[in-house]
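Residue strings, one per chain:
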Amino acid sequence: MKCEQVKNILSEYLEGIVSEEQKKQIEKHLGICKECSEHLLLLKNTVNLVNNLPEVCVPAGLASAVMEKIQEKQKRKSRIIPYLTGIAFAEVILLLVIIPLKKPYQTEITEKIEQKPSQQAQKSENNLITRKEKEITIVHQKKFKMAQVPLEKLETGSLEKEKKEIIMQIACRPLPSMVSEKRDIFSVTEKSALSRDSVVQKESQSEIQPVMPSVERTKTANGMVQQATNVESEIKKQITSINGKILSEQKASDTEITYVITAEIPYSAYKTLLEGLEERFQIKNTPLLKDIDASDTEIKIKIEVFR
Amino acid sequence: MNTQDPNILGDEDLVRKVQDHNDLYAFETLVKRYQSKIYNTCYRFMGDTQEAFDCAQDTFVKIYTSIRSFKHLSSFATWAYRIAVNTCKNRLMSWEYRRTKKTRYLSQDTLELKDNSISPDQEIERSRIQEKVQEAINMLPFDQKQVIILRDIQQLSYEEIEKITGLRSGTVKSKIARGRDKLKEMLKDLKYEM
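Just so it is clear, the structure is predicted and the values come from calculations on it, not from any experiment.

It is worth spelling out the pattern of salt bridges at this point. Side-chain pairs of opposite charge can arise where the charged atoms are in close proximity. Enumeration over the complete set of coordinates arrives at 21 salt bridges over all chains. A salt bridge links Arg280(A) to Glu234(A); its shortest N-O distance comes to 2.7 Å. Of this pair, Arg280(A) sits in helix H10 (residues 270-280) while Glu234(A) sits in helix H9 (residues 223-241), placing them 46 residues apart in sequence. Taking the relative accessible area as the measure of exposure, Glu234(A) reaches 7% and is therefore buried. Linking Glu304(A) and Lys302(A) is a salt bridge whose minimum nitrogen-to-oxygen distance equals 4.0 Å. A relative accessible area of 10% places Glu304(A) in the buried class. Each member of the salt-bridge network shares a partner with another, and the members are Glu15(A), Arg151(B), Asp152(B) and Arg180(B).

This paragraph deals with helix H7 (residues 120-139) of chain B. Relative to the 28 Å expected for 20 residues at 1.5 Å per residue, H7(B) spans 29 Å between its end C-alpha atoms, a close match to the ideal helical length. Turning to H7(B), its buried residues are Glu123(B), Arg126(B), Ser127(B), Ile129(B), Gln130(B), Glu131(B), Val133(B), Gln134(B), Ala136(B) and Ile137(B).

On the secondary structure map, Ile242(A) appears in the loop between H9 and strand E4 (245-251). Those residues in contact with Ile242(A) that lie beyond four places of it in its chain are Ile265(A), Pro266(A), Ala269(A), Thr272(A) and Leu273(A).

This paragraph deals with the packing of aromatic side chains. Each aromatic ring pair is characterised by the separation of its centres together with the angle its planes make. Under the definition given, this model contains six aromatic pairs over all chains. Between the aromatic rings of Phe27(B) and Tyr64(B), the centroid separation amounts to 5.2 Å while the plane-to-plane angle is 65°, which identifies the pairing as edge-to-face. Taken together, the positions of Phe27(B) in helix H2 (residues 24-46) and Tyr64(B) in helix H3 (residues 49-65) put the pair 37 residues apart, joining distant regions of the chain. Among the aromatic residues, those joined into a ring-pair cluster are Tyr34(B), Phe70(B), Phe76(B) and Trp79(B). Sitting over the face of the ring of Phe306(A), Lys284(A) holds its NZ or CZ atom 4.8 Å from the ring centroid. Seen from the ring of Tyr158(B), Lys173(B) lies directly overhead, with NZ or CZ sitting 6.0 Å from the centre.

Criteria and cut-off values
- Residues numbered from 1 in each chain as written.
- Chains lettered and ligands numbered in written order.
- Predicted model: local features only at pLDDT ≥ 70, side-chain atom pairs only at ≥ 80, totals over all residues.
- Heavy atoms only, no water.
- Salt bridge = Lys/Arg side-chain N within 4 Å of Asp/Glu carboxyl O.
- Helix = DSSP H or I, 4+ residues; strand = E, 2+ residues; numbered from the N terminus.
- Buried < 20%, exposed > 50% of the residue type's maximum accessible area, 1.4 Å probe, protein only.
- Expected span 1.5 Å × (residues − 1).
- Contact = heavy atoms within 4.5 Å.
- Phe/Tyr/Trp six-rings, centres within 6.5 Å; stacked < 30°, edge-to-face > 60°.
- Lys NZ or Arg CZ within 6 Å of the ring centre and 35° of its normal.

Next up, the structure:
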């Protein structure tokens, strides 16, 4: 064995934890190597010095100091726990109070609009908003069930809303010969444009003579039925002549109303329709255009034919 | 009601009493049983009586607070030593300790067990040697210091040292060898005389 190898293992040799073979080799080397022998002696001396360090006296009161500190910790713990419990309890109470009071949000609107400053000027000129980037999502759950707004509707500056239906009540009887007071829903100029003078003159008679343009005077048992059918046909004819669309028609079970026609007509053609119907029938009520939004392109009309 | 004297109970039984019933009397018994070993270990690490006292106190408090996590996989002594070594290590590494580190000399009348068989001169000489040895131990790096203290001062087995330090057998042996070599160089002028 070489000196380096022996020196490395001398500590274990001192401990007596080397193998028998190693022990023999070490002792053989130590017998011939003075340096390693001196090294072993010094090592032995050092180990003995450390081994023989005395046991130091434990300072009085270490055990009691330990127990005191432990009891202090326990006291602090017993103070903190009710405090923390109290806080936790208060938080639970707050949550129970706050959650029910929280207003349920039924309408959520998120809107991001970016407008360029230059486009603000254009808005005032042509009443249009030019948007660089627009994202509008409107989700409603309202009583009236507003539909989700498509983007194109927003660009036109109007929101689609439920069409208001106007109701027109027409008497099944033909227009009387007496002049019927017309409700002035149009301007004076428009009124004068109507060719009613001849009608007024004819109607000067006190007795009302039923004049139905399209009535065939047939003396049949169900003459009134025949008359009524022709009223509906005439009304439908008037509607289609102004490019209106018949949405529905049905016989009414009401004691006064015989028939109901629902149609969709262009806003601009309402006047024409009204004139056409007024020429032929007695209008019990004339729906006012003020109830109709001028921006609507089409209006919904419900015509009730009375007995 | 169990009226068994805790002093006659083994470590494991005392530990279970503390774990199951928070028996502070049983814990105090454990403290008194191990205070010398733990304090001495702490003293050899710190080289200072006050620091050793604080470390020993902290060690026992830590033992108490974590006793429920002790799974009895090793002996209570091994576990206690491990906590003591770690407590001392943390203290030595702390900034506060390094900033206020002072060299304090052993006081003969408070620290050592008096040996009435030797003369006062011999007593003084012995104290001087012991101081030198402690100083040399203080100079060792921590990993060598811990194995030297546990092996050469506390006389623990290699197996126990492995469990306490978490080091492998070969590593423990090599660190002991290197630690002893360093001490040898520092103490070569001192002669062991008993």
